[in-house]
Amino acid sequence: MQTQEIGQGTAAVRLVAVEKIYGTGDNEVAALKRLSMTFDAGTFTAVMGPSGSGKSTFLHCAAGLVRPTRGSVLVGDTDLADLDEAGLTRLRRDRIGFVFQAYNLLPALTVLQNVVLPLRLAGRRASRSQVLAVLDRVGLADRLDHLPGQLSGGQQQRVAIARALVTRPAVVFADEPTGALDTRTAAAVLGLLRESVTAGGQTLVMVTHDPVAASHADRVVFLADGGFVGELYRPTAEAVAARMTRLGAWDDENLTSSAVRSGGGR
Ligand code: ADP
Ligand code: MG
């Protein structure tokens, strides 16, 4: 069995018995049920599970965007429960990058301005060469003055990745970052994310429903009904798809399922 062989063994993020309950009384939904999980520094983990299994809630709790109802989240040595709102904001700015499926770029700002923004918000001097280097890495050095609306989906997501990487955060969280992209563009975006782990020693946690995307990771963890139900190390797309099928994840996603069976991936 492959178990602890991947990564340096230092926890970048740790969840301990995390519960998240939305609503009250009859409307109560337990989105996470005593979920415990560790992400070693310098590793790339994909998080998968059926729709509604708690993937986004998990990612938001781990990134300090949502406070758990019970349990602990640690980023490095910092217990997020010890931080007030200002402290949480600082931690997110300094140590965490987040990539959303819908890009979430500011439409009135240029590519350059969008990428510089997190540095500005953190009160850090934006060295032009540092920002240009990040934009060069994502292949957008010649699009600095474009507005998001003038770019393709893949290009917008690359801007969002540059924006998440520019502060050199210890951990990058991505919620279905390739969900809106075609197969080829998705592969390029995944290559970029993968490279941030190998080159920058960063930790990457990515929610995806795509077995091909998940196969880029070192490890895939599976959630169902708010809990951990298994993991695969050095995943292949086929093994991931088989596990998802057993979880009943494709019941309402027949298109994805048949695409995987035919080797298309999406
Ligand atoms: P996934 O990302 O795997 O689809 P989510 O984390 O979005 O799952 O949702 C997990 C469960 O929590 C679902 O039952 C969902 O309806 C519920 N949920 C998520 N966000 C909220 C919210 N803000 N208020 C109430 N219920 C929510
Ligand atoms: Mg989700």
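Presented here is a report on the structure given in the accompanying data block.

Basis of the calculations
- Residues numbered from 1 in each chain as written.
- Chains lettered and ligands numbered in written order.
- Predicted model: local features only at pLDDT ≥ 70, side-chain atom pairs only at ≥ 80, totals over all residues.
- Heavy atoms only, no water.
- Helix = DSSP H or I, 4+ residues; strand = E, 2+ residues; numbered from the N terminus.
- Buried < 20%, exposed > 50% of the residue type's maximum accessible area, 1.4 Å probe, protein only.
- Contact = heavy atoms within 4.5 Å.
- Areas by Shrake-Rupley, 256 points an atom, 1.4 Å probe, with all protein chains shown as cover.
- Lys, Arg positive; Asp, Glu negative; His and termini not counted.
- Charge placed at Lys NZ, Arg CZ, Asp CG, Glu CD.
- Pairing = 2+ DSSP bridges.
- Axes fitted to C-alpha atoms, helices over the stretch in contact; angles between N-to-C directions.
- Near = heavy atom within 4 Å.
- Polar contact = N/O pair within 3.5 Å; in protein donor to acceptor, adjacent residues only side chain to side chain.
- Nonpolar A, V, L, I, M, F, W, Y, C, P; charged D, E, K, R; others polar.
- Parallel < 35°, antiparallel > 145°, perpendicular 65-115°, else oblique.
- Left-handed = near helix turned anticlockwise from the far one by under 90°.
- 1 Å grid on protein atoms, 1.4 Å probe; cavity = no way out; pocket = protein on both sides within 12 Å on 5 of 7 lines; lining within 4 Å.
- Points joined across faces, edges and corners; volume = space filled by probe spheres on them.
- Phe/Tyr/Trp six-rings, centres within 6.5 Å; stacked < 30°, edge-to-face > 60°.

Once that is clear, we can look at the overall build of the chain. Across its full length, the chain carries nine helices and ten strands. Referenced to the eigenvectors of the C-alpha coordinate spread, the extents of the chain come out at roughly 50 × 50 × 40 Å. Expressed as a percentage of the 266 residues in the chain, the buried residues total 48%. A separation of at least 24 residues holds for 67% of the contacts in the chain among residues at least 6 apart in sequence. With an accessible surface of roughly 12300 Å², the chain has 49% of that area assigned to carbon and sulfur atoms. When the 28 positive and 26 negative side-chain charges of the chain are each reduced to one mean point, those points stand 5 Å apart.

Moving on, we get to the sheet that holds strand S8 (residues 203–207). Read across the sheet, six strands follow the order S6-S7-S8-S3-S9-S10 without closing on themselves; strand pairing throughout is mixed. On the outer flanks of this sheet lie strand S6 (96–100) and strand S10 (227–233), each paired with one strand and no other. In this sheet, adjacent strand axes meet at a mean angle of 20 degrees when their direction is disregarded. Relative to strand S7 (residues 171–175), S6 runs parallel, the two sharing five bridges. Within the sheet, the bridge partner assigned to glycine 97 lies in S7 and is valine 172. Packed onto the sheet, helix H2 (residues 85–95) meets S6 and S7 and runs at close to 80 degrees relative to S6. Those strands touched by helix H8 (residues 237–246) are strand S3 (44–48), strand S9 (219–224) and S10, and its axis lies near 160 degrees from that of S10.

Time to look at the site of ligand 1. The environment of ligand 1 is formed by Tyr22, Val29, Ala31, Pro50, Ser51, Gly52, Ser53, Gly54, Lys55, Ser56 and Thr57. At 2.7 Å from an oxygen atom of ligand 1 is found a main-chain nitrogen or oxygen belonging to glycine 52. A distance of 3.1 Å is found between an oxygen atom of ligand 1 and a backbone nitrogen or oxygen belonging to glycine 54. Within the complex, 57% of the 560 Å² of free accessible area of ligand 1 lies under protein. It is helix H1 (residues 55–62) that provides the largest number of residues to the shell around ligand 1, a total of three residues. Considered class by class, the residues forming the shell around ligand 1 number four nonpolar, six polar and one charged.

Moving on, we get to the sheet that holds strand S1 (residues 11–22). With respect to topology, four strands assemble into an open sheet ordered S2-S1-S4-S5, the strand pairing being antiparallel. Of all the strands in the sheet, just strand S2 (29–40) and strand S5 (78–79) have a single pairing partner and so form its edges. Where S1 meets strand S4 (residues 70–75), five bridges bridge the pair, whose relative direction is antiparallel. Its bridge partner being in S4, arginine 14 is matched across the sheet by leucine 74. The strands touched by H1 are S1, S2 and S4; relative to S2, the strand with the most contacts, the crossing angle is about 55 degrees.

Axis separation between helix H3 (residues 111–121) and helix H5 (residues 153–165) bottoms out at 7 Å; the angle between their running directions is 30 degrees. If you check the angle between H3 and H5, you find them roughly parallel. With respect to the hand of their crossing, H3 and H5 are arranged in right-handed fashion. Contacts between H3 and H5 involve Val111, Asn114, Val115 and Pro118 on the former and, on the latter, Val159, Ala162 and Arg163. Tallied by class, the residues present in the contact of H3 with H5 amount to five nonpolar, one polar and one charged.

Bringing the layout of surface pockets into the picture now. Looking at the largest pocket, its volume works out to about 460 Å³. Contributing to the lining of the largest pocket are 16 residues, with Arg92, Ile96, Phe98, Pro118 and Leu121 lying nearest its centre. Listed by contribution, the elements that provide at least two residues to the lining of the largest pocket are H2, S6, H3 and H5. Considering every element that reaches the lining of the largest pocket, the biggest residue donor is S6, with four residues. Each residue belonging to the lining of the largest pocket can be placed in one class, and the counts come to nine nonpolar, four polar and three charged.

Residue placement: glycine 200 occurs in helix H6 (residues 183–200). Expressed as a C-alpha distance, the spacing of glycine 200 and aspartate 145, which sit 55 residues apart in the sequence, is 27 Å.

Further remarks concern the packing of aromatic side chains. Taken as a whole and assessed by the stated rule, the structure comprises three aromatic pairs. Between phenylalanine 98 and phenylalanine 100 the ring centres are 4.6 Å apart and the planes differ by 35 degrees, which places this aromatic pair in the tilted class. The exposure class assigned to phenylalanine 98 is buried, which follows from its relative accessible area of 12%. On the accessibility criterion, phenylalanine 100 (27% relative accessible area) is partly exposed.

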